[in-house]
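# Tertiary structure, described
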There are 2 protein chains.
Amino acid sequence: MPAIPRYYQAKARLLDLLGDLPGNTPFPPERELSDVLGMSRTTIRKAMNELVLEGRLIRGTGRQGTTVAPPKQVHRLSLDVLVQDLATREQAAVRITRDVLTVESVLVRGDEPIGVRSTCLCASRFPGFAERYDDTPLRRFLSTTYRVRFGDLRAWCTTTLATPRLARLLGVRPATPVLSVSWLDLVERSWVVLRGDRAHLTMAQVQGSAQFHAS
Amino acid sequence: MPAIPRYYQAKARLLDLLGDLPGNTPFPPERELSDVLGMSRTTIRKAMNELVLEGRLIRGTGRQGTTVAPPKQVHRLSLDVLVQDLATREQAAVRITRDVLTVESVLVRGDEPIGVRSTCLCASRFPGFAERYDDTPLRRFLSTTYRVRFGDLRAWCTTTLATPRLARLLGVRPATPVLSVSWLDLVERSWVVLRGDRAHLTMAQVQGSAQFHAS
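These figures come from a predicted structure and were not determined experimentally.

With that settled, the discussion passes to the nonpolar core. By size, the foremost hydrophobic cluster in this structure holds 38 residues, and its most contacted members are A:Cys157, A:Leu201, B:Cys157 and B:Leu201. For B:Leu201, the contacting residues outside a window of four places in its chain are A:Ala155, A:Trp156, A:Cys157, A:Met203, B:Leu77, B:Ser78, B:Leu79, B:Leu82, B:Cys157, B:Leu179 and B:Val181.

What follows is the structure in structure tokens.
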């Protein structure tokens, strides 16, 4: 059986330590941990980096040290809620570039950004969209205002690294792993990027048929 | 508008370079890229690390340098295929620890590992499992051999960092972001960890009802 990498041993020790500390407590600095655990600073740094990426530690800026992340609340979102644009969100921004109309909004829970939702539409098909859009859920708006009928939908889910722009919107570091849910039908090309440490995509499969569950 | 981080500018330049190079080509070393692009080695390293994590570059071991990853093939797997244990896989390993029976298999496509599937069952409920299990899809085996009826299912999907053990099974570096699909019903607690750069979870939503599609 191959040996457990040294940094992972360090991570296990740090997780033990984390379990005992309440949220927002300052976490011991790298140097101190290196002395106490008898492991190199490089090893400790690697372990801490992973804990930051996983949202267990929060790295301060400048002279602020690292602190323990408060117990994380994970929000459950169903594909149906994402597609129907029913998640709580900030006001949507509308941009038009040539013939592509983009509607983007930040999904929030408890004043914290947990995702970004983007939809691309064919601009010429929706004249006056920017002036008329009243910030109701997008699908409902499109069907009542433009009589759009949405067909069947193909969706897929994967994991990507947050671009600097998305990271800024989500309040995480660039290259943090995020969950990406995309879908495509005859009308729209959309995707939602979710903070992996704050949101899950939920699904329910009903006996016999397999069906989504709107939680 | 905030400035684009320097390492991300480097990444964009490296991606341009990558676009011109066929798979398995040696990629220029860090030092050379630093000279040519006029950026620090730290910046280049950060950009390259992200490209390795995204599966665009392959880091060699020892004296082997970094090479361009061959065009990646992304495999689509539906929740139904994962739950029903219908994906191509290596022979399953069965372990029993106290009253927990664990069945684990590596999902493969084209001789490459793309995921790991684990199911935990209550051992006392399935006497003689280890001797009787014949490596057919797990759900089918349980329903024919033990007359199990599976109820409705709740599933959720998130992103996590590969543990060293999973990383070894998947042939990636520890802490590579992976997609984690979990489900729970009255009989089993299961999860599949998928390589984010090799596999997508697919879903289909049929007009009116929302339904999974077994691709």
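Another aspect to go through is the relation of the copies chain A and chain B. Relative to chain B, chain A is turned by 180° and slid 0.0 Å along the rotation axis, the superposed coordinates differing by an RMSD of 0.0 Å. This pairing of chains is accounted for by a two-fold axis. Interface overlap between copies: 100% of the residues of chain A at the interface are likewise at the interface in chain B, consistent with a symmetric, same-surface contact.

This part is about the domain arrangement of chain A. Residues and elements named next belong to chain A. Looking at the assigned domains, one finds that chain A contains domain 1 (6–68) and domain 2 (75–202). Between the C-alpha centres of domain 1 and domain 2 the distance comes to 35 Å. With five residues of domain 1 at the interface, the matching set in domain 2 holds five residues. Each partner contributes to the roughly 360 Å² buried at the junction of domain 1 and domain 2, and carbon and sulfur atoms together form 53% of this total. Our enumeration of links across domain 1 and domain 2 arrives at zero salt bridges. Here domain 1 and domain 2 share zero residue pairs in polar contact (both at pLDDT 80 or more) between them. Its residues assigned to classes, the side of domain 1 that touches domain 2 shows two nonpolar, one polar and two charged.

Moving on: the pattern of salt bridges. Think of it this way: side chains of opposite charge can pair up when their charged atoms draw near. All names here are of chain A. Under the definition given, this model contains 28 salt bridges over all chains. In this structure, aspartate 185 engages arginine 139 in a salt bridge whose closest nitrogen and oxygen atoms are separated by 2.6 Å. Here arginine 139 lies in helix α6 (residues 138–145) and aspartate 185 lies in the loop between β8 (177–184) and β9 (189–195), a separation of 46 residues in the sequence. What makes aspartate 185 buried here is its relative accessible area of 13%. On the basis of relative accessible area, arginine 139 is assigned to the buried category, the value being 7%. Salt bridges linked by common partners bring Asp85, Arg89, Arg117 and Asp135 together as one network.

In this section: the interface of chain A and chain B. Taken together, the contacts link 45 residues of chain A with 45 residues of chain B. Of the roughly 3900 Å² buried between chain A and chain B on both sides combined, carbon and sulfur atoms contribute 60%. The greatest single-element share of the side of chain A that touches chain B, amounting to eight residues, is contributed by strand β7 (residues 153–161) of chain A. Class assignment for the residues of the side of chain A that touches chain B results in 27 nonpolar, 11 polar and seven charged.

Moving on: helix α2 (residues 30–37) of chain A. Because the α-helix completes a turn every 3.6 residues, residues three or four places apart line up on one side. Residue and element names in this part refer to chain A. Among all positions in α2, only Glu30, Leu33, Ser34 and Leu37 are buried. In an axial view of α2, the angular spread of the buried residues amounts to 100°, which keeps them on one side of the axis. Seen from the buried face of α2, the exposed residues on the opposite side, beyond 90 degrees, are Arg31, Asp35 and Val36. Check the buried side of α2 and you find it contacts α1 (6–20) and α3 (41–53). Just beyond α2, the residue with positive phi is glycine 38, at close to 65°.

The next point concerns the environment of A:Trp156. Mapped onto the elements, A:Trp156 comes out in strand β7. We classify A:Trp156 as buried; its relative accessible area is 16%. Here the alpha-carbon distance between A:Trp156 and A:Arg198, two residues 42 residues apart in the chain, equals 19 Å. If we skip the residues at most four places from it in the chain, A:Trp156 touches A:Ser180, A:Val181, A:Ser182, A:Trp183, A:Leu184, B:His200, B:Leu201, B:Thr202 and B:Met203.

Glycine aside, the phi torsion of most residues is negative, and most peptide linkages are trans. One non-glycine residue, A:Asp111, lies in positive phi territory at about 65°. Of note, A:Asp111 is situated in the loop between β5 (100–109) and β6 (112–122). The exposure class assigned to A:Asp111 is exposed, which follows from its relative accessible area of 82%. Positive phi values are uncommon outside glycine, yet B:Asp85 reaches one of about 60°. Within the secondary structure, B:Asp85 sits in the loop between α4 (79–83) and β4 (93–97). Assessed through its relative accessible area of 4%, B:Asp85 is described here as buried.

Rules used throughout
Residues numbered from 1 in each chain as written. Chains lettered and ligands numbered in written order. Predicted model: local features only at pLDDT ≥ 70, side-chain atom pairs only at ≥ 80, totals over all residues. Heavy atoms only, no water. Core = buried A, V, L, I, M, F, W, Y, C linked by side-chain atoms within 4.5 Å. Buried < 20%, exposed > 50% of the residue type's maximum accessible area, 1.4 Å probe, protein only. Contact = heavy atoms within 4.5 Å. Least-squares fit on C-alpha atoms with pLDDT ≥ 70 in both. Domains from an automatic or database assignment. Buried area = accessible area lost by both parts, 1.4 Å probe. Salt bridge = Lys/Arg side-chain N within 4 Å of Asp/Glu carboxyl O. Polar contact = N/O pair within 3.5 Å; in protein donor to acceptor, adjacent residues only side chain to side chain. Nonpolar A, V, L, I, M, F, W, Y, C, P; charged D, E, K, R; others polar. Helix = DSSP H or I, 4+ residues; strand = E, 2+ residues; numbered from the N terminus. Arc of directions from axis to C-beta.

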